Amino acid sequence: MSGSALHAQRDGWWQDAVIYQVYPRSFADGDGDGVGDFAGLLDRLPYIASLGVDGIWMTPFQPSPQVDQGYDVSDYCAVDPLFGTMDQFDQLLESAHALGLRIFLDVVPNHCSSEHPLFQAAVAAGPGSPERAMFHFAAGSDDGAPPNNWQSVFGGTAWSRVNPGSETDREWYLHLFSPEQPDWNWRNPAVGNYFEGVLRFWFGKGVDGLRIDVAHALFKADGLPDAPTADPVVDGLRSNPKVSDQEEVHEVYRRWRRVADSYSPGRVLVGEVNLAPDRAARYTRPDEMHQAFAFAFVKLGWDAAAWAAVGTELEAARKEHGAPPTWALENHDISRSVTRFGGGDRGFLRARAGLVAILGLPGGAYIYQGQELSLPDVDVPVHARVDPMWARGGVSRDGARVPLPWTTAPENAYGFSPPGAAEPWLPQPAFWGSRSVEAHRGDPHSTLHLVTGALRLRTELLAEGIFAPDDACSWHVREDGLLLCERGDQILLAVAMGDGPCPLPDGNVLLSSSPLTPEEFLPPDTAVWIRRRPPLSGLDFYDAE
Ligand code: GLC
């Protein structure tokens, strides 16, 4: 029985689902304009299904000026012609379902595009109007300073004058990201009603779930007070307690959960909740979201003590609030794990080991497109960088977003585009072909084969009850740098994070991220799933004494 068929029979299929993140503009280009699209994705859905994942999360494809590569939405219930048409979307949904793949969309409720008609209406209507009350408009000080000291995640003040130079309209509007992304005012009930309509539109089409962008920041502290420090934001929004994790936001997810549960089958909510484990876990209480990414884990380096410490915190939060974390090592916003874990051969081995480790943990997991190919970050030439974070904050996320290589030969952007296409929207490096799907297919030891094998085994272990979604995890670090996670009472996950080989713990090795030679040692930068030997019976115990 396939993983999806197995899941379909059980309530809460999402609990241990593995979802493949598709960043559509870099997945596959069907129409030859150098930007990935629905036609390209439709054509390669069978590739995704062949990995053995349960579904796809698609980052935004709705109409957008593309200032933040689609996270600046100007119409929440339509398709940007850059990616295709609504008919093609419907076809995509149908084909994915036929292949046993669920579809999750990104919903961006914190902000929209400055070209959204409701923001345009707010600008036109002027100070004090109900139109402006949909967003955060406020007057600055007489000396020309913005309404408060909040900083944008992308750098600089989080406020822009709506009508610079006007004597009659002296208001500023809030944008936690770029000025082209005004923040919605969630204290206005009209905003909540508007988004309920957005949810119902996509759920009504049969979309299986939503990933909620910047889920912890929708509500801002009442009265928009200054943050305790005017320091630049150092860790997403976390360092400004006035825009992050306000208690009122939980009511939004209780309402969305009721909406999601009113469909049959119920729809699923997964949040981008970039908070410490104990705070993030509160978003997955039984009447709120189903899942939240384990953000504390997403950005970790190759450090056994840090993995064990964060793993232990996440486990404590799970025990208190009930939901296992949702694991990921990569997404479109962060450095790829091959690079983050040191680059070169060791970075390559570590990224494979890290992926094997998270796929062995209880709870859902996400794989970012290209992670199954061990893609590293690309050093995109400065003139080609388009991430708004680069222009405003000097940090570029483009290196993790380069169009995928499908073929070893460089023609047609390594198979990303059809013949005769425009150049890909971000340049690909000369080594790209060696990391292509074609290259991986031809190598039995490739990461692609490792991932498909791991997913097959995961499905079997779940079916046999050896993996249970609610297994407890106990984390330890051995002196030789071996990270251990005891999962339930049958499985031990071990990752050699030090510089030397580590003696293998007792048990049967079910999966290894690299060959074990000699067999009783785990080479550095290797992860294994071990089936522990059954506990001693009473008689054995007696004999042993
Ligand atoms: C989320 C997205 C990121 C985007 C930001 C603003 O963090 O993942 O890509 O820039 O929100 O929408």
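Data block above holds the structure.
First, a word on scope: everything that follows refers to the structure included in this document.

Reading the values: rules and limits
Residues numbered from 1 in each chain as written. Predicted model: local features only at pLDDT ≥ 70, side-chain atom pairs only at ≥ 80, totals over all residues. Heavy atoms only, no water. Helix = DSSP H or I, 4+ residues; strand = E, 2+ residues; numbered from the N terminus. Rg over C-alpha atoms; globule rule 2.2 N^0.38 Å. Buried < 20%, exposed > 50% of the residue type's maximum accessible area, 1.4 Å probe, protein only. Contact = heavy atoms within 4.5 Å. Areas by Shrake-Rupley, 256 points an atom, 1.4 Å probe, with all protein chains shown as cover. Lys, Arg positive; Asp, Glu negative; His and termini not counted. Charge placed at Lys NZ, Arg CZ, Asp CG, Glu CD. Expected span 1.5 Å × (residues − 1). Arc of directions from axis to C-beta. Near = heavy atom within 4 Å. Polar contact = N/O pair within 3.5 Å; in protein donor to acceptor, adjacent residues only side chain to side chain. Pairing = 2+ DSSP bridges. Axes fitted to C-alpha atoms, helices over the stretch in contact; angles between N-to-C directions. Parallel < 35°, antiparallel > 145°, perpendicular 65-115°, else oblique. Left-handed = near helix turned anticlockwise from the far one by under 90°. Nonpolar A, V, L, I, M, F, W, Y, C, P; charged D, E, K, R; others polar.

**Some details on the overall build of the protein chain**
A count of helices and strands for the protein chain gives 17 helices and 17 strands. Its C-alpha atoms give the protein chain a radius of gyration of 24 Å, near enough to 24 Å, the size a compact globule of 545 residues would have. Expressed along its principal axes, the backbone C-alpha trace of the protein chain runs to roughly 90 × 60 × 45 Å. Taken across its 545 residues, the protein chain has 59% of its residues classed as buried. For the protein chain, restricting intrachain contacts to residue pairs at least 6 apart in sequence, the fraction spanning at least 24 positions comes to 68%. For the protein chain, the accessible area works out to roughly 20700 Å², and carbon and sulfur atoms hold 54% of it. A distance of 2 Å separates the average location of the 43 positive side-chain charges in the protein chain from that of its 73 negative side-chain charges.

**Digging into helix H4 (residues 86-98)**
The first and last C-alpha atoms of H4 sit 18 Å apart over 13 residues, in line with the 18 Å expected at 1.5 Å per residue. Along H4, the positions that sit buried rather than exposed are Phe89, Leu92, Leu93 and Ala96. Buried positions in H4, seen along its axis, are confined to an arc of 95° and lie on one side of it. Among the exposed residues of H4, those pointing more than 90 degrees away from its buried face are Asp87, Glu94 and Ala98. On its buried side, H4 packs onto helix H2 (38-43), helix H3 (45-51), strand E2 (55-58), strand E3 (102-107) and helix H6 (189-205). At the C-terminal side of H4, Gly100 shows a positive phi close to 80°.

**Some words on the site of the ligand**
For the ligand, the set of nearby residues contains 14 residues, the closest of which are Asp68, His111, Asp213, Glu272 and Asp333. Separating an oxygen atom of the ligand from a side-chain N or O atom of His111 is a distance of 2.8 Å. Protein burial of the ligand: of its 310 Å² of free accessible surface, 95% is covered by the chains.

**Observations regarding the sheet that holds strand E12 (residues 482-487)**
Pairing within the open sheet is antiparallel, and its 5 strands lie in the order E11-E12-E13-E17-E15. Each end of this open sheet is capped by a strand with a single partner; those strands are strand E11 (473-477) and strand E15 (508-512). On average, adjacent strands in this sheet sit at an angle of 20° to one another, irrespective of strand direction. Across the face of the sheet, helix H10 (residues 304-321) comes into contact with E11 and E12 while running at roughly 160° to E11. Sitting on the sheet, helix H16 (residues 447-463) touches E15 and strand E17 (527-531), and the angle it makes with E15 is about 135°.

**Some words on the side chain of Arg257**
By secondary structure assignment, the location of Arg257 is in helix H7 (residues 249-261). By relative accessible area, Arg257 is classed as buried at 13%. In contact with Arg257, other than residues within four places in its own chain, are Leu269, Pro286, Asp287, Glu288, Met289 and His290.

**Digging into the packing of H6 against H7**
H7 packs onto H6 with a crossing angle of 25° between their chain directions and a minimal axis gap of 11 Å. Accordingly, the angle class assigned to the pair H6 and H7 is roughly parallel. Between H6 and H7 lies a crossing of right-handed hand. Within the contact between the two elements, H6 uses Gly192, Asn193, Phe195, Glu196, Leu199, Arg200 and Phe203 and H7 uses Arg255, Trp256, Val259 and Ala260. Per-class residue counts for the contact of H6 with H7 are 6 nonpolar, 2 polar and 3 charged.

**With respect to the sheet that holds strand E6 (residues 171-174)**
If you walk across this open sheet you meet the 3 strands as E4-E6-E5, and the pairing is antiparallel. In this open sheet, the two strands that pair with only one neighbour each are strand E4 (137-139) and strand E5 (159-161). If you compare each strand with its neighbour and ignore which way they point, the axes differ by 40° on average. In terms of strand pairing, E5 meets E6 through 3 bridges, oriented antiparallel. Within E6, the residue paired with Trp159 across the bridge is Leu174.

Don't take any of this as a statement about function, it's just geometry.
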